[in-house]
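# Understanding the architecture of this molecule
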Amino acid sequence: MNLTNINDIKELLGRHGFRFSKSMGQNFLTAAWVPERIAGEALLSESTGVLEVGPGIGCLTEQLSYRAGKVLAVELDKALKPVLSETLAHCPNVEIIFGDVLKQNLPELVREKFGDMRACVCANLPYNVTSPLITSFLEAGCFDTITVMIQREVAKRICALPGSADYGAFTLLVQWYADAEILFDVAPGCFIPQPKVTSSVIRLRTRERPPTEVRDREIFFRAVRSAFGMRRKTLLNALSSGFGDIGREELEKILIFCKFDPKIRGEALSFGDFALISEAISDFYAENL
């Protein structure tokens, strides 16, 4: 059976009485080159354990099984259980568990399933939970690389540079943990049903240490979230909303002390800029509160 052939897919799903769920963001690949290339870009080897989320009918899972030591696929839709039992019966290094990956203790799961193997993520992620999934993978701190297919607009946000329209709080969150790159795009016509947007495959290589040192990570990201909470606000106005306990006048003094124009906007600031501001805010708290 060809798991990317549209006729084979329809016959398989019809035989098992499966119906697509819009709420789960299900779109199955119908172009063989896509799962082959995604798996090929995931930097896998026999010493790698790979976590896949949302295997669907298993076309990417199959390709991962040829390249990795073990594949752990987590699927939310239990209606796919008989389908995956059939399509992946020839892949002895694949284990499937059914449930919500966002409710899993990922470091514990990785230790249990992969042992001493190098762990990574490779998946075609549902669009509706892309950001929380990527955040969860990064914050777990146990994955060497994360290679995922996501909506192109989100991929552009993740890989954006300061000053660009796509640059924002999620950019800084992801790039705090990893180096990010867009590998290639996938057109809507490569799926059934066809999504309304183009997809992109990105690879995140997790960092050994953040791109900048900060005393208080929570204050750093509080400043980041405040700066991008309302993009049209000046940095001073944005920080005043996020740090109401400090006060506008003191925040203006902090920005001037850090040599920033209070009228600048958050999208113009780099990691180092936010670090400088967060350190000054930390100093203020230490001295006054």
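Each remark here, short or long, concerns the structure printed above.
In this report, we go over the structure that sits alongside the text. (Residues numbered from 1 in each chain as written. Predicted model: local features only at pLDDT ≥ 70, side-chain atom pairs only at ≥ 80, totals over all residues. Heavy atoms only, no water.)

## Some remarks on the nonpolar core
- Ranked by size, the top nonpolar core spans 64 residues in total, and within it Ile134, Phe137 and Phe143 carry the most contacts.
- Here this core takes eight residues from helix H12 (residues 271–288), the largest share from any one element.
- The contacts of phenylalanine 143, once residues within four sequence positions are left out, are Leu51, Leu106, Val110, Ala119, Cys120, Val121, Phe137 and Thr206.
- One finds Leu44, Val50, Val94 and Cys120 within the second-largest nonpolar core, a separate group that totals 36 residues. (Core = buried A, V, L, I, M, F, W, Y, C linked by side-chain atoms within 4.5 Å. Buried < 20%, exposed > 50% of the residue type's maximum accessible area, 1.4 Å probe, protein only. Helix = DSSP H or I, 4+ residues; strand = E, 2+ residues; numbered from the N terminus. Contact = heavy atoms within 4.5 Å.)

## As for the environment of proline 126
- Tracing the backbone shows proline 126 in the loop between strand E5 (118–124) and helix H6 (130–140).
- The class for proline 126 is buried, based on a relative accessible area of 15%.
- Taking C-alpha positions, proline 126 is 9.6 Å from serine 23, a pair spaced 103 residues apart along the chain.
- In this view, proline 126 contacts Met24, Gly25 and Leu133; residues no more than four positions away in its chain are not counted.

## Overview of the state of the cysteines
- As enumerated under the stated definition, the model contains zero disulfides in all.
- In this structure cysteine 122 is not part of a disulfide, and its nearest cysteine sulfur, from cysteine 120, lies 6.8 Å away. (Disulfide = S-S within 2.5 Å.)

## Side note on the packing of helix H2 (residues 33–41) against helix H3 (residues 59–67)
- In contact at an axis separation of 9 Å, H2 and H3 are set at 40° when each is read in the N-to-C sense. One element, H2, and the other, H3, form an angle in the oblique class. In this structure, H2 crosses over H3, and the sense of that crossing is right-handed. In this structure, H2 contributes Pro35, Glu36, Ile38, Ala39 and Gly40 to the contact, and H3 contributes Cys59, Leu60, Gln63, Leu64 and Arg67.
- Classifying every residue of the contact of H2 with H3 by side-chain character gives six nonpolar, two polar and two charged. (Axes fitted to C-alpha atoms, helices over the stretch in contact; angles between N-to-C directions. Parallel < 35°, antiparallel > 145°, perpendicular 65-115°, else oblique. Left-handed = near helix turned anticlockwise from the far one by under 90°. Nonpolar A, V, L, I, M, F, W, Y, C, P; charged D, E, K, R; others polar.)

## Some words on H3
- With seven of its nine residues buried, H3 lies for the most part within the structure.
- Along H3, the residues that are buried comprise Cys59, Leu60, Thr61, Glu62, Gln63, Leu64 and Ser65.
- As for H3, its buried residues are in contact with strand E1 (28–29), H2, strand E2 (48–53), strand E3 (70–75), strand E4 (94–98) and E5.

## Focus: the packing of helix H9 (residues 217–229) against helix H10 (residues 235–242)
- Their axes nearest at 8 Å, the elements H9 and H10 cross at an angle of 120°. Judged on the interaxial angle alone, H10 and H9 are oblique. Both H9 and H10 take part in a crossing whose hand is right-handed. Along the contact surface, H9 presents Arg222, Ala223, Ser226 and Ala227, while H10 presents Leu235, Ala238, Leu239 and Gly242.
- Residue composition of the contact of H9 with H10, grouped by class: five nonpolar, two polar and one charged.

## Comments concerning the layout of surface pockets
- By volume, the largest pocket amounts to about 520 Å³.
- If you trace the largest pocket, you find 31 residues lining it, with Met24, Val53, Gly54, Asn124 and Pro126 closest to the centre.
- Of all the secondary-structure elements, those providing two or more residues to the lining of the largest pocket are E1, E2, H3 and E3.
- Looking at the lining of the largest pocket residue by residue, the classes come out as 19 nonpolar, nine polar and three charged.
- The calculated volume of the second largest pocket comes to roughly 290 Å³.
- For the lining of the second largest pocket, the residue count by class is five nonpolar, six polar and two charged. (1 Å grid on protein atoms, 1.4 Å probe; cavity = no way out; pocket = protein on both sides within 12 Å on 5 of 7 lines; lining within 4 Å. Points joined across faces, edges and corners; volume = space filled by probe spheres on them.)

## Some points on the sheet that holds E5
- Taken together, the seven strands give an open sheet; going across it, the order is E4-E3-E2-E5-E6-E9-E7, and neighbouring strands pair in mixed fashion. Where the open sheet ends on each side, the last strands, each with one partner, are E4 and strand E7 (178–186). Neighbour-to-neighbour, the strand axes of this sheet turn through a mean angle of 20°, independent of strand direction.
- Where E7 lies against strand E9 (residues 199–206), eight bridges are found, and the strand directions are antiparallel. Among the inter-strand pairings, aspartate 179 is bridged to a residue of E9, identified as arginine 205.
- Running at roughly 160° to E7, H2 makes contact with E5, strand E6 (145–151), E7 and E9 of the sheet. (Pairing = 2+ DSSP bridges.)

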